[in-house]
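# Summary of structural features
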Amino acid sequence: MTEETLSNLLREDRRFEPPAEIAESANLKADAYERAAADREGFWAEQAERLDWSQKWERVLDWDDPPFAKWFVGGTLNASYNCVDRHVEAGRGDKVALHWVGEPVEDRRDITYAQLKDDVSRAANALTELGVQTGDRVAIYLPMIPEAVVAMLACARIGAPHTVVFGGFSADALASRLVDCEAKVVITSDGGYRRGSASALKPAVDEARAKTAEQGHTVEKVLVVRRTGQDVTWDDAVDVWWHDVVDSASADHTPQAFDSEHPLYVMYTSGTTGKPKGILHTTGGYLTGASYTHWAVFDLKADTDVYWCSADIGWVTGHSYMVYGPLANGATQVMYEGTPDSPERGRWWKIIQDYGVTIFYTAPTAIRSFMKQGREIPDKFDMSSLRILGSVGEPINPEAYVWYRHVIGGDRTPVVDTWWQTETGSIMISPLPGVTHGKPGSAMTAIPGVSAEVVNEEGNAVPNGSGGYLVLTEPWPAMLRTIWGDDDRFRDTYWSRFRSQGFYFAGDGAKKDEDGDIWVLGRVDDVMNVSGHRLSTTEIESALVSHPKVAEAAVVGAKDEDTGQAVCAFVILRDEAGDGGDDIVAELRQHVRKEIGPIATPRQIMIVPELPKTRSGKIMRRLLRDVAEHREVGDVTTLADSTVMDLIKDKESAGKGED
Ligand code: WT7
């Protein structure tokens with residue numbers, strides 16, 4: 001036990017073979033692993049060839065000054081040209097790029113690649129007219145409307161790095177990002193539709209602009225899309241309507257080729273503490289990584305597939321797997337503005353049915369909330385078009401994986417559990433749908449071209465059957481290049497832990513099972529130490545969710561006089577389980593004991609109505625630890641719903657569910 005960095009407790013024996021048809025025609029077959037291992041740079045060069053370069057690179061990788069990488073050195077290209085123009089030039093202008101679905105049921109627009117090219121060109125001309133030059137930063141604060149995609153590609157087209165700020169973020173969050181990257185222009189809208197009503201965005205931009213001014217930064221122009229028609233406050237010196245300047249601009253725009261290392265975008269990620277980090281991605285390597293992985297991991301057949309990624313454009317998933325990956329690959333995709341339960345709970349499944357979606361990519365948090373509602377809702381829809389399902393954002397526990405495959409995928413579809421980060425830019429660890437057999441809960445192995453390992457404190461690979469730290473041992477094209485304006489923080493955060501080995505430390509704990517397959521166990525900050533055993537919160541959560549009455553669970557370690565830390569669990573029950581019955585707590589403790597062992601038995605279980613989550617669906621365990629240790633609850637400003645903690649604290653003081 002002492003040798004183990006992280007205890008390895010949960011067993012999972014279910015396996016799913018790749019379907020024969022997918023295996024036969026798979027874009028990547030098993031030999032890709034060996035080819036990539038034999039000549040990694042050659043393999044990536046082959047993937048970069050999938051793009052159109054104005055000038056070919058002289059050198060695949062410059063890693064002379066780690067951790068500062070340069071990929072496809074000397075090459076030039078335009079990301080927007082690669083995502084739009086080249087498909088039109090190849091005769092696919094009439095192909096639908098976006099089936100856009102607004103939240104109001106009648107609101108739909110199909111946009112072809114030819115139309116997208118015109119829209120992007122107009123927006124690029126308008127931005128130039130507004131004074132945006134190559135290298136200037138443009139912030140995008142928009143709902144999930146086509147203009148968001150157009151705005152991103154227009155920025156890329158003129159070489160102005162964009163920073164997309166999630167539309168659900170506050171004026172403060174927006175202001176700090178505007179200041180950090182010194183954004184010259186903000187693109188926003190009057191508002192957007194969420195949960196059946198129009199919610200305003202422009203007032204947050206006005207407020208953020210006032211705040212940036214206090215900090216000595218001036219936003220020069222605000223370009224406003226009219227989406228909801230609600231009233232907006234207007235400053236003639238700054239505010240400009242999109243329909244005034246973009247609609248009237250010329251649809252001719254010649255994209256200029258930029259250096260492969262030209263900055264494409266900055267994406268802020270909050271991390272656990274402190275100031276958000278502006279993750280910088282550049283052009284050639286990033287686009288290579290996004291398009292290659294989208295093609296390989298989802299086995300994209302661009303002529304026939306209808307792809308849908310439910311992520312918001314404000315997250316890296318929306319960047320890599322809604323904009324740059326799928327569009328570079330010429331895919332047809334769905335883009336949906338609203339929430340899964342508007343106007344009714346089956347809305348997502350109806351969209352899959354209506355558009356014949358074949359590839360669907362979403363997050364475990366969404367899957368578990370559908371599990372909670374029961375299968376009657378998805379069962380009403382015909383989703384037989386689906387052939388591949390994907391998951392991203394956090395570990396998918398085996399029960400949720402099996403439910404997803406079974407209920408949504410009709411037991412036909414492989415599930416690709418894709419591990420990556422804002423920093424990695426593209427998928428790093430995942431099954432390949434035509435090659436790998438599915439193992440619920442495991443992201444399996446690094447994809448061809450990527451080198452991942454699980455190591456101990458000293459940086460040595462752990463044997464199969466043990467746990468440790470997840471690292472990437474070789475550079476990859478879509479890797480972050482730095483933290484915007486802070487090279488020291490970049491070095492410290494990701495490259496100092498295993499400096500002598502030169503490994504990138506992802507911050508996640510993981511284990512390798514007997515077959516050498518990787519199970520990501522969550523952030524290392526979330527690991528508990530009970531009587532000298534390092535336990536993963538994820539494994540205990542998975543055990544809880546495998547109980548038929550449980551929909552979701554979050555586990556934290558709370559200080560304990562006897563054991564150092566004790567396991568405390570917060571549990572949401574499935575709708576059909578009602579209040580769970582009088583013995584629910586004893587039942588669940590017994591269940592964990594049986595599934596994992598006495599060491600993992602929760603000291604305390606609280607039945608709660610909701611869990612505190614960030615807007616991207618990550619559980620904020622820090623706040624739950626505050627409750628478990630009877631402390632004042634800390635900062636709740638990054639919660640999607642800040643009232644959730646009140647509901648949980650009420651339960652606490654009422655003593656319900658205490659053991
Ligand atoms: C962190 C990165 C990647 C886009 C969305 C999140 C966790 C992500 C998985 C997965 C287990 C996962 C990790 C990672 N994570 N995908 N398939 N299995 N954990 O991007 O906000 O940068 O978060 O999300 O902890 O480090 P992000």
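We now turn to the structure provided with this report.

It is worth spelling out the site of the ligand at this point. In the neighbourhood of the ligand, 16 residues make up the surrounding shell, with D417, T418, T422, D508 and R523 lying closest. In the model, a nitrogen atom of the ligand is placed 3.4 Å from a nitrogen or oxygen of the P395 main chain. K618 is positioned with one of its side-chain polar atoms (N or O) 3.2 Å from an oxygen atom of the ligand. Taking 560 Å² as the accessible area of the ligand by itself, protein coverage stands at 89%. Tallied by class, the residues present in the shell around the ligand amount to 6 nonpolar, 5 polar and 5 charged.

Working definition: the strands of a sheet are paired by backbone hydrogen bonds and lie parallel or antiparallel to each other. Taken in spatial order, the 4 strands line up as 21-22-24-25 in an open sheet, and their pairing is antiparallel. Because the sheet does not close on itself, it has two edges, and the strands there are strand 21 (452-455) and strand 25 (518-523). In this sheet, adjacent strand axes meet at a mean angle of 45° when their direction is disregarded. Taken together, the 5 bridges between strand 22 (residues 467-472) and strand 24 (residues 504-512) define a ladder with antiparallel strand orientation. Residue pairing for strand 24: G467 is matched across the bridge by K511.

Here the focus is the side chain of T212. Note on placement: T212 falls in helix 8 (residues 202-214). Given a relative accessible area of 0%, T212 falls into the buried group. Apart from the residues lying within four places of it in its own chain, the contact partners of T212 are A175, L178, V179, H217 and V219.

With that settled, the discussion passes to the pattern of salt bridges. A full pass over the atoms with the stated rule returns 47 salt bridges. Ionic pairing is found between D85 and R157, a salt bridge with its closest N-O pair at 2.8 Å. Separated by 72 residues along the polypeptide, D85 in helix 4 (residues 79-92) and R157 in helix 6 (residues 146-158) bring together distant segments of the chain. Comparing D85 with R157, the two get one shared label, buried. Close ionic contact of R108 with D354 constitutes a salt bridge, the shortest N to O distance being 3.4 Å. Of this pair, R108 sits in strand 5 (residues 108-112) while D354 is found in helix 12 (residues 347-355), placing the two residues 246 residues apart along the sequence. Look at D354 and you get partly exposed, because its relative accessible area is 35%. A single salt-bridge network, built from bridges that share partners, covers D299, K301, D305 and R387.

Scanning the entire structure with this criterion turns up 39 aromatic pairs. On the numbers, 6.3 Å between centres and 5° between planes, the contact of Y265 with Y324 is stacked. With a gap of 59 residues between them, Y265 in strand 14 (residues 263-269) and Y324 in helix 11 (residues 316-328) connect regions that are remote in the sequence. The interplanar angle of 70° and the centroid separation of 5.7 Å between the aromatic rings of W308 and W348 together place this pair among those described as edge-to-face.

Attention shifts here to the pairing of strand 5. By the bridge criterion, 5 bridges tie strand 4 (residues 96-101) to strand 5 in an arrangement that is antiparallel. Its bridge partner being in strand 5, W100 is matched across the sheet by R109. Between strand 4 and strand 5, which pair antiparallel and follow one another directly, the connecting turn spans 6 residues.

Conventions and cut-offs
Residues numbered from 1 in each chain as written. Predicted model: local features only at pLDDT ≥ 70, side-chain atom pairs only at ≥ 80, totals over all residues. Heavy atoms only, no water. Near = heavy atom within 4 Å. Polar contact = N/O pair within 3.5 Å; in protein donor to acceptor, adjacent residues only side chain to side chain. Areas by Shrake-Rupley, 256 points an atom, 1.4 Å probe, with all protein chains shown as cover. Nonpolar A, V, L, I, M, F, W, Y, C, P; charged D, E, K, R; others polar. Pairing = 2+ DSSP bridges. Helix = DSSP H or I, 4+ residues; strand = E, 2+ residues; numbered from the N terminus. Axes fitted to C-alpha atoms, helices over the stretch in contact; angles between N-to-C directions. Buried < 20%, exposed > 50% of the residue type's maximum accessible area, 1.4 Å probe, protein only. Contact = heavy atoms within 4.5 Å. Salt bridge = Lys/Arg side-chain N within 4 Å of Asp/Glu carboxyl O. Phe/Tyr/Trp six-rings, centres within 6.5 Å; stacked < 30°, edge-to-face > 60°.

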